[in-house]
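An overview of the molecular structure
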Amino acid sequence: MAVPVEEAIAALSTFSLEDEQPEVQGPAVMVSAERAATDSPIEYSDVAAYRLSLSEDTKALNQLNTLIQEGKEMASILYTYRSCVKALPQLPESMKHSQADLYLETYQVLDLEMSRLREIQRWQSSASAKLAADMQRFSRPERRINGPTVTHLWSMLKLLDVLVQLDHLKNAKASIPNDFSWYKRTFTQVSAQWQDTDTMREELDDLQAWLIFLSTRWAILLNLHVEMFRVNNVEDILQVLIVFIVESLELDFALLFPERYILLRVLPVLVVLATPSEKDTEALYKRVKLNRMINIFKNDPVIPAFPDLHLSPAAILKELSVYFQKFSSQTRLLTLPAPHELPPLNHIGALRAEHDDFTIRFASSMNQLLLLKSNDGAYTEWCREVKGNMYDMVVEGFQLLSRWTARIWEQSAWKFSRPCRDAAETQEASGSYSDYEKVVRYNYTAEERRALVELVGYIKSVGSMLQRCDTLVADALWETIHAEVQDFVQNTLATMLRTTFRKKKDLSRILSDMRTLSADWMANTRPEHEMPSSQHGGDESKANFFYPRPVAPTAAQVHCLQFLIYEVVSGGNLRRPGGFFGNNGSEIPVNDLKQLETFFYKLSFFLHILDYSASIGILTDLGFLWFREFYLESSRVIQFPIECSLPWMLIDHILEAPNSGLLESVLLPFDIYNDSAQQALVVLRQRFLYDEIEAEVDHGFDIFVSRLSESIFTYYKSWSASELLDPSFLFALDNGEKFSIQPVRFTALFKMTKVKILGRTINLRSLIAQRMNKTFRENLEFLFDRFESQDLCAVVELEKLIDILKHSHELLSQDLTIDPFSLMLNEMQENISLVSFSSRLATQIWSEMQSDFLPNFILCNTTQRFVRSSKVPPTQKPSVPSAKPSFYCGTQDLNAAHQSFARLHSGFFGIPHLFSIVKLLGSRSLPWLIRALLDHISNKITTLEPMISGLQEALPKSIGLLSFDGGVAGCMRLIREQLNWGTKAELKTEVLRGIKEIGSVIYTMGLLDIVLREVDTKRFMQTAPWLGLIPGAEGQIVNAQEGESPLVNLLKSATSAVVSSPGCLNPAAFYTMSKQAEAADLLYKANMNGGSVLEYTLAFTSASLDKYCSKWSAPPKTGFVDITTSKDFYRIYGGLQIGYLEEITVPQSAQQEVLGDSIAWGGCTIIYLLGQQLHFELFDFSYQVLNVSEVETVSASHTHRNPQVLQGWEGLLEGMKKARRLNNHVFSMLKARCPLEDKTACAIKQSGAPLPRVRFENTVSAFESLPQKGTVG
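A quick note: this is a predicted structure, and the numbers were derived from the prediction, not measured.

Conventions and cut-offs
Each chain carries its own residue numbering, running from 1 in the written order of its sequence. Only residues with pLDDT of at least 70 get local features here, since the model is predicted, and only at 80 or more are side-chain atom pairs given and counted; chain-wide, interface and lining totals rely on the full set of residues. For side-chain calculations, the full set of non-hydrogen atoms in the structure is used, while hydrogens and water are omitted. Counting from the N terminus, the helices are the DSSP runs of H or I reaching at least four residues and the strands are the DSSP runs of E reaching at least two. Note on classification: 1.4 Å probe, protein chains only; a residue is buried when its accessible area is under 20% of the maximum for its type, exposed when over 50%, partly exposed between these limits. Throughout, a contact is declared for two residues whenever any of their heavy atoms are within 4.5 Å. Every accessible area reported is derived by Shrake-Rupley at a probe size of 1.4 Å, with residue values counting cover from the shown protein chains alone. Angles run from 0 to 180 degrees between N-to-C directions of axes, and those axes are lines fitted to C-alpha atoms, restricted for helices to the stretch in contact. For this classification, under 35 degrees means roughly parallel, over 145 means roughly antiparallel, 65 to 115 means roughly perpendicular, and everything else is oblique. It is the rotation of the near helix from the far one that decides the hand of a crossing: anticlockwise by less than a right angle makes it left-handed, clockwise makes it right-handed. Gly counts as polar in this scheme, as do all residues outside two lists: the nonpolar Ala, Val, Leu, Ile, Met, Phe, Trp, Tyr, Cys and Pro, and the charged Asp, Glu, Lys and Arg. Contacts described as polar in this section are N or O atom pairs within 3.5 Å, which, within protein, must combine one atom able to donate a hydrogen with one able to accept it, while residues neighboring in sequence count only if both atoms come from side chains. Two strands pair if DSSP finds at least two bridges between them.

The next subject is the overall build of the chain. When helices and strands are tallied, the chain shows 48 helices and eight strands. Buried residues in the chain amount to 52% of all 1273 residues. Look at the contacts in the chain between residues 6 or more apart in sequence, and 79% of them connect residues 24 or more apart. Put simply, the chain shows about 59900 Å² of open surface, and 54% of that area lies on carbon and sulfur atoms.

Here it is as structure tokens:
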């Protein structure tokens, strides 16, 4: 069934096409099917219908407008002209025979360009003649035609302005005479082969005239002067034009700034042209006081002409005085003082206040208008007031935009006229600077750039605000204009006809014509019940009431009304003294004259308001800030670098200081590129200019996205590092505020998915996300490279930096969609494969342990730390890579703060480092590292086996117990004799280091066991409430309730409640969640009972020793303890122990700093696992020496012998005591963690925690032979 159209439209109206993208760009071209206040046709084709005898004026007006349009095209050609000679090839000596061909080709190329330029010469001659003829018609003594109208005056001024600009461009473009000289030279060579001498002679004459035209400054104005005064004088019309310009400038009559600049550019030229004699000069100064013109010239010392060309009234007057001798006597005009300072943007505070005030009031007016549209009630006075207020706000908005854009134009022209003289001092780099760099790159201070960015933002934001309201305010604007016109012609003029002009038939006829051509009598018809009560009775009932309609007057009606008002005031007398609305000799009362003047100026505003979109486009066009054609020619370069481009300078200024409050305006300078591209294609019509703009935008936007992404990354990295600083550290500092990060508003830029640049729509959010993904990966790569160039102690710093990076990722992910951090981390660790359990980080940690940590670090059992041995040369590592501060902690201060924490852990390896390793490797790679360490123990034992055998062979056949008779000295002498390992010194050293590495691994496993137990406890505390587990008697874990856990019960009850509801659309999903809860319950409960890594390590070591048990722990042949002939491991270790204990007592010995306490952990563990602890404690050499020393000390005290009997052995005995205490500590730990009577071990789970008490057979490779599952004993 088809849906009715009304319902479909109503349904579509409920959809919102708006998104969350903020308005941080200027107005864009919009497509709308609604009525909009668009361009009004200005052809004046309907003027003849009003029978005002303006046919000749209208015809001339249309001709002038055509000439103006043609002149603008000529000016565009002249401004964008670039030298062709620079591209001509230079023939080498070997190709001189092809010179004629080169001349021919050059002539053909230059002939096309010269023909365009010669067309400009012919056009200016024709335009000057037509303008002069047009002026002469209105300067005849007998006035045969009506006019000139105000519109006609404007057309004259615009055409004169075009001629002035062409003349100025011709004077400034040095490439044109240069190309012409080449063209003339090639023509001389080519024309020698012509057969037609007449054609050649005509061409030569034409070239000579063209040469004179190019070489003469102000040739166009001189030609215009000749044409003007060829028949009769035109001083009258020139004086009218000057009076019109002066009054318009003083009264700010021009609504748009281009009109004001037209008046300023032509005024000095008109003053020169209108003073050919002293009589004319006196007549002019009677109508316009000289001081008025001098004030105008002083207020505007520099006038914009083209984007990088300006005009100076004082300079124009001085130059033209050379050609107009009569004018050279005007010393006051020729001696205008040069201004010293023009600060157009120094009052940015006032501009900011204007912007804020206008936006608030405009929004209020829009709200009232929307409220009015929502009420479809009858027309009321409040309705007219709201729409009138809206009209006033639009006019004010246009005036603000015109004034602001003019400020930028004037500042740009001022900078071009005042280049920076100390460019080398403002920059560190030295060298030559182009003229363009002096006027742009080094000519704007930081304050001026900031002010310029703000003002560009105000212009674009207000323009965008007005543009968006186009369709909303169209009816209100048209109705208000209609009401203004009808109120004037139906009420104001009716009153004047009854009073002032009642007996003046000529003027009454003009007023009646005004009412005839513009009164809308149909608007007076209205239903009787809608007539307001105020219209009945009283004096107000005399006024005609009309119902405003959205029917605006045409350009022809405005044109005719202005003409008729001027006729009423001046009577058509060009020689009338005073201004347009002066009261000199006029019979019109002041009040009526004021009303006529007010309505006259309003009429001019109406046309700009009706051309709503076109006016906004003109007022917000800032494309002139990019063009630099004149300086490209003077600098002899193809194009300037992007650093010299003013739009990019503004972007760069914002990116240099992202916390300056301008970051949300960073896209506005790209609107300057949009405007300049529009000018290049539509106004200048030059594709090569657009290509250059496009190339710069492509390059600049890439740099912009890169630098913006870097700023975003630095900010979020600093924010994260600041939040992760220790609060106690900040509390203890006096200047802790320097570590705080000021908020920067990147949120608006994150929402930009439709950035409009050169007709393309770019997703800035997506580009930033891509850059962020790349930057995070590069940062991780740098952190891993940095860690790989340091020792294992840097793992704490690595964990901290990765934590900061991860927290930065979390903060940024709140505003931007980027890849998960875990995915990026796995990619950088090369740990993506499901079957890969090692990683780049795990491999590096193991490599560091194997090559540096185990050989070069020594254990301090008291502090539970490993420290680097000072006697071992440092390991050669690659240099630490350098990077930007953003790859560390963001800023220099935060880097220093976090590095101070990192230095606390850089000198040792202990529990904090193992916590970092456990966190970094996780449950996936930690088992691999544990397995690698266990294999290292197995390999070391295998390596030690032949060395131990060698030491066993060097032992004497019989070693008895030490005798108490010889005392300590005798015992030590006997030991030296029995342990004669002098030839096995290197072998002994390697065995000690091997045992030390085994001890280091075992102790590391003990520390890792502590860390894993703490991690498991924390995890258990988090999951136990959900699993229903509580502590029971004797430390056991019991279920709080019978049956299922709270997690399963919760999801099952929720599933039952949702599925029972009739509105449930997908019950299968809830059943799936319930099943997943049961699986999670089983998984977590299975992981509750974690085993011990240390116990597993000891069991694995025991399994590795079983292979050599027959060699290192041979059973006695007699069945009794073998005291003298035993060569078991405990005997070897006892000899090694007393040997290195004796060495460490020697001054300058490095043995203790090489072995540390790890030797005791390694040796005692092997002894214990071989079941030789009691043998060791009974027969160890150092233990026997201690026993002898104790007996000797007691005997000496009883017999009162010399107490210094042990003198010289104190250090050795103290070392033996420390070694015994350490050995006892190790044995006690081993008994507690690995009882020999219950030799069990555990397998390692995927999480890194061991499975407890799984029985196994002692083999070398537990991972290969031990079952992963088994019966729990």
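After that view of the structure, there is still more to cover.
It is the contact of helix H27 (residues 687-723) with helix H30 (residues 764-788), at a shortest axis distance of 9 Å, that shows an interaxial angle of 60 degrees. Relative to H30, H27 is oriented oblique. The chirality of how H27 crosses H30 is right-handed. Note on element contacts: H30 touches H27 through Leu-764, Leu-767, Ile-768, Arg-771, Met-772, Thr-775, Phe-776 and Asn-779, opposite Phe-701, Asp-702, Phe-704, Val-705, Ser-706, Leu-708, Ser-709, Ile-712, Phe-713 and Lys-717. Taken together, the residues of the contact of H27 with H30 sort by class into 11 nonpolar, four polar and three charged.

Before going further, it helps to examine the side chain of Gln-124. You can see Gln-124 is positioned in helix H3 (residues 99-137). Of the residues examined, Gln-124 reaches a relative accessible area of 4% and is grouped as buried. Only 3.2 Å separates the side chain of Gln-124 from the backbone oxygen of Gln-121, close enough to count as a polar contact. Contacts of Gln-124, omitting those with residues within four sequence positions, involve Leu-163, Phe-213, Ile-220 and Asn-223.

Looking now at unusual backbone geometry. Although it is not a glycine, Arg-685 adopts a positive phi angle of roughly 55 degrees. Within the secondary structure layout, Arg-685 lies in the loop between helix H26 (668-683) and H27. A relative accessible area of 54% places Arg-685 in the exposed class.

The pairing of strand E1 (residues 303-306) with strand E2 (residues 309-311) spans three bridges and is antiparallel. Residue pairing in the sheet places Ile-303 in a bridge with Leu-311 of E2.

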